[in-house]
Amino acid sequence: MFQKIPIKKVRLGLYLLIGALALVIVPATAIGRPTVAPAAALETLSDICTTGTTFDFETKTGHMQTPDGNSIFMWTFGLQGDGFQLPSPVLCVNQGDAITINLRNNLPEATSLIFPGQTGVSATGGSAGLLAQEVPPDNGVTTVTYTFTASEPGTYLYESGTNPYKQIEMGLYGALIVRPTGPGFGPNFAYNNETTEFDPQREFLLLIHDMDSDLHQAVERNQTFDVTTRHDHYWTINGRSFPDSIAPNNVPWLPNQPYGSLVRVEAAPDPENLPLPALIRYINAGLENHPYHPHGNHMRVIGRDGRMLSLPFENFSTTIGSGQTYDLQFWWINVEGWGIGGGSPRIKDQVTYPNVLNLVFKDGATWFSGDPDLGVQADFPPDTTIFNECGEFYFPWHSHALNEFQNFDEGFGGLATLVRVDPPGGCP
Ligand SMILES: [Cu+2]
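Please read all numbers here as calculations on a predicted model, not as lab measurements. Residue positions are given per chain, counted from 1 along the sequence in the order it is written. Thresholds applied to this predicted model are a pLDDT of at least 70 for local features of residues and 80 or more for the giving and counting of side-chain atom pairs; totals over whole chains, interfaces and linings are not thresholded and use all residues. As a convention, hydrogens and water are excluded, and side-chain values are obtained from all of the structure's heavy atoms.

Chemist: So, the overall build of the protein chain: which residues are in play, and what are the values?
Modeler: Helix and strand assignments come from DSSP, with helices taken as H or I runs of at least 4 residues and strands as E runs of at least 2, each series counted from the N terminus. The helix and strand tally for the protein chain stands at 3 helices and 27 strands. Contact criterion: two residues are considered in contact whenever any of their non-hydrogen atoms come within 4.5 Å of each other. The long-range share in the protein chain, meaning contacts at least 24 apart out of those at least 6 apart in sequence, stands at 66%. Areas reported here follow the Shrake-Rupley algorithm with a probe of radius 1.4 Å; residue values treat only the protein chains shown as occluding. For the protein chain, the accessible surface area stands at approximately 17,600 Å², while carbon and sulfur atoms represent 52% of it.

Structure representation (structure tokens):
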């Protein structure tokens, strides 16, 4: 995904800026030492929200691109008049809103919408299906209207209620975020409770999905598929597989998969006086359960399936069941006493750190800054490409079912993203 540009000479380093993936030519003061580049824009949940109370949906067909060069046929929900995109729109509404979703259908079979966790959902039009009122396959002639009041704040799925083993796998799923509106609360709280406050600049959605590409190929070719032989080949977060998952929103090479999922936090300088946490909203739209975790720190689980937990707990790996959602608060605390910006204590003053020439960089590229201290960048051997802007740390954030950490048997890939830990104060 990333172009590899060798860093060559004393006077000139070519440094790949992770954010824009643009080439920035900067003078370097030592061999392989990149000058700090402008920080990539911070992208949070609010950047990918579709807001409102009435949503005119239709089913769409299109293809997703995978990092290994595959192209997979998908079905999604989308706004009428918009192009195909994966995942379906991320709907962000306020508690108490009366929500209306009008659905038309362009697929070759009936479909429907269900809203797990919402109460009092009613539907008009179409015909009764097993789980919900269904829209027939009539190229958008019939509209079914689903209405409900978003009465409880939280993180939810919406998805097809028709042949879900097939249609949800095909991509007919999306995220629904309900923000609290109780007295004194608002969009910077997960629930109507003061302990659920978070930094609104650090709110992230990780919407997980798993797919057997053979099923998608069979649907595209109008063939039958034996679901008892289902075997996942691809996994996505917000519609992309790793490493595409860490690219910014709206990169040009993924025109139908606009959302990245890089989690980005700032180190908490003082464990005794923590800043507001990040809020991570997990949703598992896949058929499998996924044990999921960040490296580098545990999380605080505060909600599940759109309801606040009465007893929050700390957790390292959270197994997200098929169809489940979780709300988690996340701080990155400097528990190991690593220095910040060259400050004290500095781990490299306490241990003998290997010479950079003795470190191995896979494919001559690294996310490491060259220094074990947060906020510091150091020298690299010639021909090493670094993706590190300002001495930040990168940790994996991935499924611990390691068979899911790949794209069609090629690792690393699949159900993974990264958490980026910026030094206190952010990138200069
Ligand atoms: Cu891990």
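Chemist: Describe the sheet that holds strand 26 (residues 393-399), naming the residues involved and giving the relevant values.
Modeler: Ordered in space as 21-18-26-27-16-23, the 6 strands form an open sheet in which the pairing is mixed. Only two strands of the sheet have a single partner each, and these edge strands are strand 21 (318-320) and strand 23 (332-333). DSSP bridges decide pairing: two strands pair if at least two such bridges lie between them. Across 4 bridges, strand 16 (residues 263-268) lies against strand 27 (residues 416-422) in parallel orientation. Along strand 27, the bridge assignment pairs valine 263 with valine 419.

Chemist: Pulling in residues and values, what's your account of the coordination of the copper ion?
Modeler: Taken together, His293 (NE2), His295 (NE2) and His398 (NE2) make up the protein donors of the copper ion, found 2.0 to 2.1 Å from the metal. Because water is not among the atoms used, a metal site may look incomplete, as its donors are only the N, O and S atoms within 2.8 Å, or 3.2 Å for Na, K and Ca. Summarised as a motif, the one-chain spacing of the donors to the copper ion is H-x1-H-x102-H. Of the two residues, histidine 293 sits in strand 18 (residues 290-294) while histidine 398 sits in strand 26, which places them 105 residues apart along the sequence. Histidine 398 carries the same exposure label as histidine 293, and that label is buried. When a residue's accessible area, from a 1.4 Å probe over protein chains only, is under 20% of the maximum for its type it is buried; when over 50% it is exposed; and in between it is partly exposed.

Chemist: Pulling in residues and values, what's your account of the packing of aromatic side chains?
Modeler: Stacked, edge-to-face and tilted are the three classes for Phe, Tyr and Trp ring pairs, Trp counted by its six-membered ring, which pair at centre distances within 6.5 Å; planes under 30 degrees apart are stacked, over 60 edge-to-face, the rest tilted. In the structure shown here, the tally under the stated rule is 17 aromatic pairs. By way of ring pairs, the aromatic residues Phe57, Phe77 and Tyr158 are connected into one cluster.

Chemist: Could you give me a rundown of the pairing of strand 13 (residues 173-179), with the residues and numbers involved?
Modeler: In terms of burial, strand 13 is a largely internal element, 7 of the 7 residues being buried. Residues Tyr173, Ala175, Ile177 and Arg179 point to one face of strand 13 and Gly174, Leu176 and Val178 to the other, with burial holding for every one of them. Sheet analysis places strand 6 (residues 90-94) next to strand 13, joined by 4 bridges and oriented parallel. Bridge pairing in strand 13 links leucine 91 to leucine 176.

Chemist: Can you break down the pairing of strand 26 residue by residue, with the values?
Modeler: Burial runs high along strand 26: 6 of the 7 residues are buried. Bridge count between strand 18 and strand 26: 3 bridges; the pairing is antiparallel. Looking at the pairing, proline 294 lines up with tryptophan 397 of strand 26. Where strand 26 meets strand 27, 6 bridges bridge the pair, whose relative direction is antiparallel. Bridge pairing in strand 27 places proline 396 opposite leucine 418.

Chemist: Account for the environment of proline 255, with residues named and values stated.
Modeler: Mapped onto the fold, proline 255 is located in the loop between strand 15 (234-237) and strand 16. Each C-alpha atom, one on proline 255 and one on glutamine 85, is 8.0 Å from the other, the two residues being 170 residues apart in sequence.

Chemist: Which residues make up the pattern of salt bridges, and what are the values?
Modeler: In the sections that follow, a salt bridge refers to a side-chain nitrogen of Lys or Arg positioned within 4 Å of a carboxyl oxygen of Asp or Glu. Inspection of the entire model under this criterion finds 16 salt bridges. The salt bridge partner of aspartate 232 is arginine 230, with a shortest N-O separation of 3.0 Å. By relative accessible area, arginine 230 is classed as buried at 19%. Residue arginine 420 pairs with aspartate 422 through a salt bridge whose shortest N-O separation is 2.8 Å. Take arginine 420 and aspartate 422: they sit in the same class, and that class is buried. Salt bridges sharing common partners tie together Glu169, Asp210, Arg230, Asp232 and Glu288.

Chemist: Can you tell me about the side chain of asparagine 238, naming the residues and giving the values?
Modeler: Within the fold, asparagine 238 resides in the loop between strand 15 and strand 16. A residue is classified by how much of its surface remains accessible, and asparagine 238, at 1% relative accessible area, is buried. In terms of polar contacts, asparagine 238 uses its side chain to reach the backbone carbonyl oxygen of glycine 260, at 3.2 Å. Each residue touching asparagine 238, except ones within four places of it in the same chain, is listed here: Leu86, Pro87, Leu205, Leu206, Leu207, Tyr259, Gly260 and Ser261. For this analysis, a polar contact is any N or O atom pair within 3.5 Å, provided that within protein one partner can donate a hydrogen and the other can accept it, and provided that sequence-adjacent residues contribute only side-chain to side-chain pairs.

Chemist: Give me the environment of threonine 145: which residues, what numbers.
Modeler: Its location among the elements puts threonine 145 in strand 11 (residues 144-149). Sequence-wise, threonine 145 and threonine 124 are 21 residues apart; in three dimensions their C-alpha atoms are separated by 5.3 Å. Setting aside its immediate chain neighbours within four residues, threonine 145 contacts Thr100, Ile101, Asn102, Ser122, Ala123 and Thr124.

Chemist: Tell me what's going on with the nonpolar core, and back it up with residues and numbers.
Modeler: Nonpolar core, defined: a set of buried Ala, Val, Leu, Ile, Met, Phe, Trp, Tyr and Cys residues in which side-chain atoms within 4.5 Å join the residues together. One finds Ile280, Tyr282, Tyr292, Phe330, Trp332, Trp397 and Val421 to be the most contacted residues of the largest nonpolar core, which totals 27 residues. Counting 26 residues, the second-largest nonpolar core is a separate cluster that includes Ile99, Val135, Met170 and Val178.

Chemist: Explain the state of the cysteines to me, using residue names and the numbers behind them.
Modeler: Note that a disulfide, as used here, is simply two cysteine sulfur atoms within 2.5 Å. Using the criterion set out here, one finds 2 disulfides in the structure. In this model, cysteine 49 is linked to cysteine 92 through a disulfide, with the two sulfur atoms separated by 2.0 Å. The disulfide joining cysteine 49 to cysteine 92 has a torsion of about -70 degrees about its S-S bond and is therefore left-handed. Taken together, the residues cysteine 49 in strand 3 (residues 49-51) and cysteine 92 in strand 6 connect sequence positions 43 residues apart. Between the sulfur atoms of cysteine 390 and its disulfide mate cysteine 427 the distance is 2.0 Å. In this structure the cystine formed by cysteine 390 and cysteine 427 twists about its S-S bond by roughly -70 degrees; its chirality is therefore left-handed. Separated by 37 residues along the polypeptide, cysteine 390 in the loop between strand 25 (385-386) and strand 26 and cysteine 427 in the segment after strand 27 bring together distant segments of the chain. If you count the bonded cysteines of the protein chain from the N-terminus, they pair up as 1-2, 3-4.

Chemist: Explain the sheet that holds strand 8 (residues 122-124) to me, using residue names and the numbers behind them.
Modeler: What the 5 strands build is an open sheet, ordered 5-4-7-11-8; its pairing is mixed. Each of the sheet's edge strands pairs with one partner strand only, and the pair in question is strand 5 (71-79) and strand 8. Going from strand to strand, the sheet's axes swing by 25 degrees on average, the running direction of each strand aside. The pairing of strand 4 (residues 54-65) with strand 7 (residues 98-104) spans 5 bridges and is classified as parallel. Think of each axis as a best-fit line through the C-alpha atoms, taken over the contacting stretch in the case of a helix, with angles from 0 to 180 degrees between the N-to-C directions.

Just geometry here; none of it tells us what the structure is for.
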